[in-house]
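Listed below are the residues making up each chain.
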Amino acid sequence: IEGFEALIRWKITDGGFISPDIFIPLAEQTGCIIPLGDWIMKKSFEFIKHINSITENHYIISINVSVAQIMQDNFLSGINSMLYEYDIKSEFIEFEITESVLIQSFSIVKEKLSILKDAGFGLALDDFGKGYSSLSYLKMLPLTTVKLDKTFIDDITSPEMVEDIIRIAHRMGLKIVAEGVESREQYELLHRYNCDYIQGYYISIPLPENELLKILKLNNPI
């Protein structure tokens, strides 16, 4: 295990969950994504600070950010403040963006991402291959990682495109994360194609912090 992705779930009274596919778009429409995003970021910084201190490891955590967050005037200063508050290295933090972020105000987004990369943060293009993702983004943006959408992994019986994307990314100095890996067959094929990392149920379902520590074979509760 090299790192984690921060996922948010909305618990309801019957013990179930409201899907983020429902409440995240609503948060973006109402502007609530700004305080929600700040809270997620603070929790993520706090978590990775703690997990690395008790494991004496160098895990990273990936945090999804929306266009509304990036376009805030205090986006960069807020991140720097959290970095100082939690006293962690920028290399432990990776920010994930999606294609929808790039459609709006591309030049501003690119400039801010470049500042983050220069400061040592990881930058991942999420869900690559979903919708109209373009290979040109890999060239134009200051990325460190490409996350291959699970639709490619689901159709791993036709793997030529997956292999090609991995090769292209590697030639550009980028790491590849395959999303949605659920079977040994998928894992072995991705390993054969030199995919850098995998993410999905084959490794673990999404877990709360205390369950994650059990996976890491630790007894210390967070």
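What this report covers is the structure whose coordinates are included nearby. From a predicted model like this one, the values you see are computed outputs, not experimental measurements.

### Considering the nonpolar core
Generally speaking, soluble globular proteins have nonpolar side chains that are buried together.
Here is step 1: Ranked by internal contacts, the top residues of the largest apolar core, which has 63 residues, are Met41, Phe45, Ile48, Ile93, Phe95 and Leu116.
Here is step 2: Per-element tally for this core: the top contributor is helix α2 (residues 33–55), with nine residues.

### Side note on the pattern of salt bridges
Here is step 1: Applying the stated criterion across every chain yields a total of seven salt bridges.
Here is step 2: Here Glu163 and Arg167 are joined by a salt bridge, their closest N and O atoms 2.8 Å apart. Taken as a pair, Glu163 and Arg167 lie in helix α9 (residues 160–171) at a separation of four residues, close to a single helical turn.
Here is step 3: Taking relative accessible area as the criterion, Arg167 reaches 44% and is therefore assigned partly exposed.
Here is step 4: Connected through shared salt-bridge partners, Glu5, Glu96, Lys147 and Glu179 make up one network.

### Focus: the packing of helix α4 (residues 75–86) against helix α6 (residues 106–118)
Here is step 1: It is at 11 Å that the axes of α4 and α6 come closest, and there the two elements cross at 20°. Between α4 and α6, the crossing angle belongs to the class labelled roughly parallel. The two elements α4 and α6 meet at a crossing, and its hand is right-handed. Taken together, the residues of α6 that come into contact with α4 (itself represented by Phe75, Leu76 and Ile79) are Lys112, Ile115 and Leu116.
Here is step 2: Tallied by class, the residues present in the contact of α4 with α6 amount to five nonpolar, no polar and one charged.

### What about a nonpolar patch on the surface?
Here is step 1: A grouping of Ile1, Tyr201, Ile203, Ile205, Leu207 and Ile215 is seen on the molecular surface, where their side chains present a nonpolar patch of about 590 Å² in accessible area.
Here is step 2: Along the chain, Tyr201 turns up in the loop between β9 (197–198) and α11 (209–215).
Here is step 3: For Tyr201, a relative accessible area of 54% puts it in the exposed group.

Conventions we followed
Every residue gets a number counted from 1 within its own chain, in the order that chain's sequence is written. For this predicted model, a pLDDT threshold of at least 70 governs which residues receive local features, and a threshold of 80 or more governs which side-chain atom pairs are given and counted, while totals over whole chains, interfaces and linings are taken from all residues. As a convention, hydrogens and water are excluded, and side-chain values are obtained from all of the structure's heavy atoms. Think of a nonpolar core as a cluster: buried Ala, Val, Leu, Ile, Met, Phe, Trp, Tyr and Cys residues, connected wherever their side-chain atoms sit within 4.5 Å. Think of it in three bands: residues with accessible area under 20% of the maximum for their type are buried, residues over 50% are exposed, and the middle band is partly exposed, with areas taken using a 1.4 Å probe on protein chains only. The way it works is that DSSP assigns letters per residue, a run of H or I at least four long becomes a helix, a run of E at least two long becomes a strand, and they are numbered from the N terminus. Counted as salt bridges are all cases of a side-chain nitrogen of Lys or Arg within 4 Å of a carboxyl oxygen of Asp or Glu. Orientation is described by lines fitted to C-alpha atoms, with helices fitted over the stretch in contact, and by angles between N-to-C directions that extend from 0 to 180 degrees. Orientation is classified from the angle alone, with under 35 degrees giving roughly parallel, over 145 giving roughly antiparallel, 65 to 115 giving roughly perpendicular, and any other angle giving oblique. Less than a right angle of anticlockwise turn of the near helix away from the far helix marks a crossing as left-handed, whereas a clockwise turn marks it as right-handed. Two residues form a contact once any of their heavy atoms are found within 4.5 Å. In the scheme used here, Gly and all other residues not listed as nonpolar or charged are polar, with Ala, Val, Leu, Ile, Met, Phe, Trp, Tyr, Cys and Pro taken as nonpolar and Asp, Glu, Lys and Arg as charged. Patch definition: residues above 30% relative accessible area lacking any salt bridge, with like charges linked at up to 9 Å and the nonpolar side chains Val, Leu, Ile, Met, Phe, Trp and Tyr linked at up to 5 Å. Throughout, the Shrake-Rupley method with a 1.4 Å probe supplies accessible areas, and for residues the shown protein chains are the sole cover considered.

Read these as spatial facts, not as claims about activity.
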